[in-house]
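Overview (structure and organization)
Okay, here's what each chain looks like letter by letter:
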Amino acid sequence: MTPPSAIKEPSLPIEIDVGSNIYAVKFTANSEYLVTGDDQRVRVWRTKNGQQIGTMPSPSVVCLAVSKDGQWIAAGSSRELSAWNAETHKQSFALEIRDVIAVDFSPDSTRLVSACLNNTATVWDITRRIERAQTLHHNGWMTAAKYSPRGHRIATATRESVRVWDSSNGRLLVEILSGVTPNFNTGLLWFSNHLFVVSDSTIKVFEASSGSPVAEWPVPYSDRFSCIALSRHGEFMAYSTERTVTFWDTATHTQLRLIQHPRDILSVVFSPDDRFLALGGRDGKFTIQNLEDVLLPSYSTLPLIDITSIAFDSGKWDQLANSEASLTVTITKSRQKDHLAFANRALVRAHLQHWDLAIDDATKSINICPSIIGYIAKSVALIRKGEKAEGCRVYDLVFRHCHRNEVDFLLLIKAVVLFMAGEHEDAVLRVGDLIATVSLKSIYFVVQAYMYLLLGNLCMQNRDYAGAILLFERARPQMRYYLAHHLFTITFISGWQFDGLDVKIRQRLGEALYVAGRTKDAAECLLKLLNTFDEDVDSSQPIISEWVSDFTHRCLSTSESNATRHGNPPVLQVPLDSQISTALLREWAKATMAGRSWKDALVTAAGVSISFGFYMLCGF
């Protein structure tokens, strides 16, 4: 199938009448085809011209799913659960299951979850002749069932609650006491580790690992036919109810646009490349619209900076060498010279500090086919080698190959590149200027916060604790609710890791306050951090556990001057693991804020056997 970047933007909108209610619309993973489900059939259409290329009989279809590998199409109806080969359109199986209202494929396309009105969702192993793998029970009629982006969880919903399950064993992990109003799998969405739900005329966002609420905002009246769709980067969403579609900025919760439809809307979806919007209606018609014609230009899309799946998997930096080897195999086996593979290998090699090889790869990529990612790769490699002026000059060639809607994001990446080149003040000012002018501010706030974090770390190294505190405090108010997935492009280019950024900033601020002698402020900061740790164990634990243990040891091992003034620190009779360290640090924070002694705090920390010499310096 044709990759998304090769699709020609059609002359849209396209409107087609199939003669019966269209309850479900889904794009294929490459955005080349649109699948629709109506009262009589499942149909496949070519996105660029609306040409019907396949039809599959299936009465009363109310929900659809298309596997990411492009091999399967599944549909649920009042009578059965069915699936077809997406290439041949031949039926693969049909199970007599009544009132199927939701279907979704796992990201690896090996399993299918279906939900019914009988309070159950079933996970099917489609690699083993359709075997029932798990049954998930809920407390009411199901309204939705969706796999998480990584496939390790499944969310199911009723009008009373949302449940999050471990997809490997069917264990219930979290129950969120907020129902999903729409039926037919249209009111629940995953993005990263967050869940978006439509509940009683409100969009609500929850942290999936803990069930904690993250955000909510009111929307027009919702009913069982309301729908939500989220852009691939999570920056904006569409919400439909009755004959209206409204578009919302997910960071600021402001309404961007409203469009009207002649009849009630039953289904809404964005194409995976964010180029198109499809609507299905009660009048038997569906439309495909160019998203640029619907939204403000700055919201239509972020640039298609092409990162291969191999390079994408190298987001874990211990896998860079494997990614380099895999990309080398791709380049060697390719019958045609692959400029994207060369550009991606150039960035991987730049991270591995193979400067000359990286520059050579980027140059080959540009010679084969000039591209945004090619020039960025060469610029980064030159700058990391120390050739700052030449690297900045090469980066400017990026703007000869971009769409007008991509300029702001590419200017942000340029600021990152300048920061990497040591132009810290200039880079921060550039990001500030962008924040003042762009509509999608959340990405820019996050990058600016990361720059402040790095500058604060430099101050800490130079023992300028007052300067570090100022920078860390400046970073924290800039944090907005954001979704980390769309920052991967910047991570891949710069090596900056944005996961848990707010936690990292709080850690460093707490440390800076502590070494600067502002003990009570440090205690307050750390207590908030530990509370965040409890609420968000899944995403914060890898970052914070080692730090908690290390920082607790430092608190228990004060400097000689402190020991002289306040006596020896307490001596632990057991090694500190992360759980004990967390308890100690929390009790220290509470004791400091309450004015109690460090000795009392340690006694309060359950399960720790301590012999005390003198009090430890913690502001007492």
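Notes on the structure in this doc start here. (Residues numbered from 1 in each chain as written. Predicted model: local features only at pLDDT ≥ 70, side-chain atom pairs only at ≥ 80, totals over all residues. Heavy atoms only, no water.)

Re the pattern of salt bridges
The following threshold applies: We define a salt bridge as a side-chain nitrogen of Lys or Arg found within 4 Å of a carboxyl oxygen belonging to Asp or Glu. Note on conventions: DSSP H or I runs of at least 4 residues are helices, E runs of at least 2 residues are strands, and numbering of each starts at the N terminus. In this scheme, a residue with accessible area under 20% of its type's maximum is buried, one over 50% is exposed, and one in between is partly exposed, where area comes from a 1.4 Å probe on protein chains only.
In this structure the tally under the stated criterion is 19 salt bridges. Among the salt bridges present, the one from Arg 393 reaches Glu 390, with a minimum N-O distance of 2.7 Å. With Arg 393 and Glu 390 both in helix α8 (residues 388-396) and three residues apart, the pair spans about one turn of that helix. With relative accessibility at 44%, the residue Arg 393 sits in the partly exposed group. Judged by relative accessible area, which is 30%, Glu 390 ranks as partly exposed. In this structure, Asp 521 engages Arg 518 in a salt bridge whose closest nitrogen and oxygen atoms are separated by 3.0 Å.

Things to note about the state of the cysteines
Test applied: Here, the term disulfide refers to a pair of cysteine sulfur atoms separated by no more than 2.5 Å.
Taken as a whole, this structure holds zero disulfides when the rule is applied. With no disulfide of its own, Cys 63 has Cys 116 as its nearest cysteine by sulfur position, at a separation of 8.8 Å. Take Cys 63: its relative accessible area is 2%, and that puts it in the buried class.

Quick notes on the pairing of strand β4 (residues 41-46)
Short version of the rule: DSSP-based pairing: two strands are paired if at least 2 bridges between them are found.
As defined by bridge partners, strand β3 (residues 33-38) adjoins β4 across five bridges and the pair is classed as antiparallel. In the sheet register, Val 35 faces β4, and the bridge partner there is Val 44. Connecting β3 to the next strand, β4, in antiparallel fashion are two residues. Pairing analysis gives five bridges linking β4 to strand β5 (residues 52-57), with the strands arranged antiparallel. Considered in β5, the bridge of Trp 45 is made with Gln 52. From the end of β4 to the start of β5, which pair antiparallel, there are five residues, and Gly 50 there has a positive phi angle of about 75 degrees.

Overview of the pairing of strand β17 (residues 172-176)
Two faces make up the sheet, and in a regular strand the side chains alternate between them. When strand β16 (residues 162-166) meets β17, the two strands line up antiparallel, connected through four bridges. If you follow Trp 165 over to β17, its bridge partner there is Leu 172. The antiparallel hairpin formed by β16 and β17 contains five residues in its connecting segment, where Gly 170 sits at a positive phi of about 75 degrees.

What to know about helix α6 (residues 355-368)
Because each turn of an α-helix spans 3.6 residues, side chains separated by three or four positions end up pointing in the same direction. Definition in use: For a helix, the expected span equals 1.5 Å multiplied by the number of residues minus one. It is the directions from the helix axis to the C-beta atoms that the arc portrays.
With 14 residues, α6 extends 20 Å from end C-alpha to end C-alpha; this agrees with the ideal 20 Å at 1.5 Å per step. Residues of α6 that are buried: Ala 358, Ile 359, Asp 361, Ala 362, Ser 365 and Ile 366. Along the axis of α6, the buried residues cluster in a sector spanning 160 degrees; they form a single face. Looking at α6, the residues exposed on the side facing more than 90 degrees away from the buried face are Asp 356 and Asn 367.

As for the sheet that holds strand β15 (residues 153-157)
To be explicit about the condition: Each axis is a line fitted through C-alpha atoms, and for a helix only the stretch in contact is used; angles between axes span 0 to 180 degrees, taken between their N-to-C directions.
One open sheet accounts for four strands, arranged β14-β15-β16-β17; its pairing is antiparallel. Strand pairing shows two members of the sheet lacking a second neighbour, β14 (144-147) and β17, which therefore form its edges. Recorded for the sheet is a direction-independent mean angle of 15 degrees between the axes of neighbouring strands. The pairing of β15 with β16 spans five bridges and is antiparallel. By the bridge assignment for β16, Ala 155 is matched with Val 164.

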